[in-house]
Amino acid sequence: MGPYLETIIGGLMSGMLYSLVALGFVLIFKASGVFNFAQGAMVLFAALAMARFAEWIPQWTGLESKWLANSLAFVCAMVVMVIMAWLIEKLVLGKLVNQEGVALLMATLGVSYFLDGFGQTIFGSSIYKIDIGMPKDPIFLLESTFQGGLLINKEDVAAAVIAAALVAALAAFFQYTGTGRALRAVADDHQAAQSIGIPLNRIWVIVWSVAGFVALVAGMIWGSKLGVQFSLSVLALKALPLVILGGLTSVPGAIVGGLILGVGEKMAEVFLGPYLGGGIEIWFAYVLALGFLLVRPQGLFGEKIIDRV
């Protein structure tokens, strides 16, 4: 029983990180109707910025405090992501207003490839380390209940807590702030929002900036766990099937879908791995999403996309 509980807990913690990336997809789609294929590249770009600024700032300033250097690096990386959001809106999406959805989709694919290449140009193509002080040692819990206890990774716990706190903060932002209400109004009806004076262009910059912030936090956590490498953008794209699972228009769906995916892929590795071999975690999410599409195409909490067009 103990090993299975460890697997479920590990899956839930991984699922929270997937949910972070999925939130970027959902937020941008809700506000602009654009399915942002660049979200994985944004995670990588943000993680690269964080890693390199954390390395450069002590060299430039002589700071010895790792906490202060990481804090300044986070601020600098966030400024970079906001500038990037503004440029994407001004140079790409702003030029494609009222165009076909496929044009917007291809535009985000172009942004994705640009960010991958531009990230290498600015920050380099090596594997970089992000050290934000997250605990690495495992702990044993419930030793009196299960023989040997439950082995839990402290870093996974810390990452799950950070992800949960960010999700709660975003929920409060959308529910209780004026900007959040404006974002929800735009998500419900673009034309009605414009008619009451809500500027779409500014809202789109804000939502891309929020998605950039989410990408930065996700990239920072994944970078701390795995190192910042260019496979990070592919890892982030595992959030695509959970967006389908939870619903393209649903923030709660992104969270629930992430938890289902995290637990599902871990359990599949345990139960099916001995029979099918390794690598199940690579394809399990996509098979799950494809199967779910046949039953409920709009996802668990999403609305039918055709109704939004």
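Placed above this text is the structure.
Presented here is an overview of the structure given in this document. Remember, predicted model here, so these are calculated numbers, not experimental data.

Within the secondary structure layout, I132 lies in the loop between α4 (101-123) and β1 (138-141). Once the C-alpha coordinates of I132 and A51 are considered, the two residues, 81 residues apart in sequence, prove to be 9.9 Å apart. Look past the residues within four positions of I132 in its chain and what remains in contact with it is M50, N70, M220 and S224.

What follows covers the side chain of E89. By secondary structure assignment, the location of E89 is in helix α3 (residues 66-91). For the buried E89, no salt bridge exists, and the shortest N-O distance to an oppositely charged side chain is 4.0 Å, to K90. Ignoring sequence-local partners within four residues, the contact set of E89 consists of G94, N201, W204 and V205.

Take the packing of aromatic side chains next. Considering all chains together, one arrives at nine aromatic pairs under this definition. On the numbers, 6.0 Å between centres and 35° between planes, the contact of Y18 with W222 is tilted. Remark: W222 occurs in helix α8 (residues 200-226) and Y18 occurs in helix α1 (residues 2-32); sequence separation between them is 204 residues. For the pair Y18 and W222, a shared accessibility class is recorded, and that class is buried. Their ring planes at 15° and their centres at 5.1 Å tell us that F114 and F118 sit as a pair that is stacked. Residue F114 and its partner F118 are located together in helix α4, separated by four residues, close to a single helical turn. Accessibility expressed as a relative area gives 34% for F118, which makes it partly exposed. Grouping aromatic residues by their ring pairs yields a cluster made of F45, F53, W56, W60, F114, F118 and F123.

The rules behind each value
- Residues numbered from 1 in each chain as written.
- Predicted model: local features only at pLDDT ≥ 70, side-chain atom pairs only at ≥ 80, totals over all residues.
- Heavy atoms only, no water.
- Helix = DSSP H or I, 4+ residues; strand = E, 2+ residues; numbered from the N terminus.
- Contact = heavy atoms within 4.5 Å.
- Buried < 20%, exposed > 50% of the residue type's maximum accessible area, 1.4 Å probe, protein only.
- Lys, Arg positive; Asp, Glu negative; His and termini not counted.
- Salt bridge = Lys/Arg side-chain N within 4 Å of Asp/Glu carboxyl O.
- Phe/Tyr/Trp six-rings, centres within 6.5 Å; stacked < 30°, edge-to-face > 60°.

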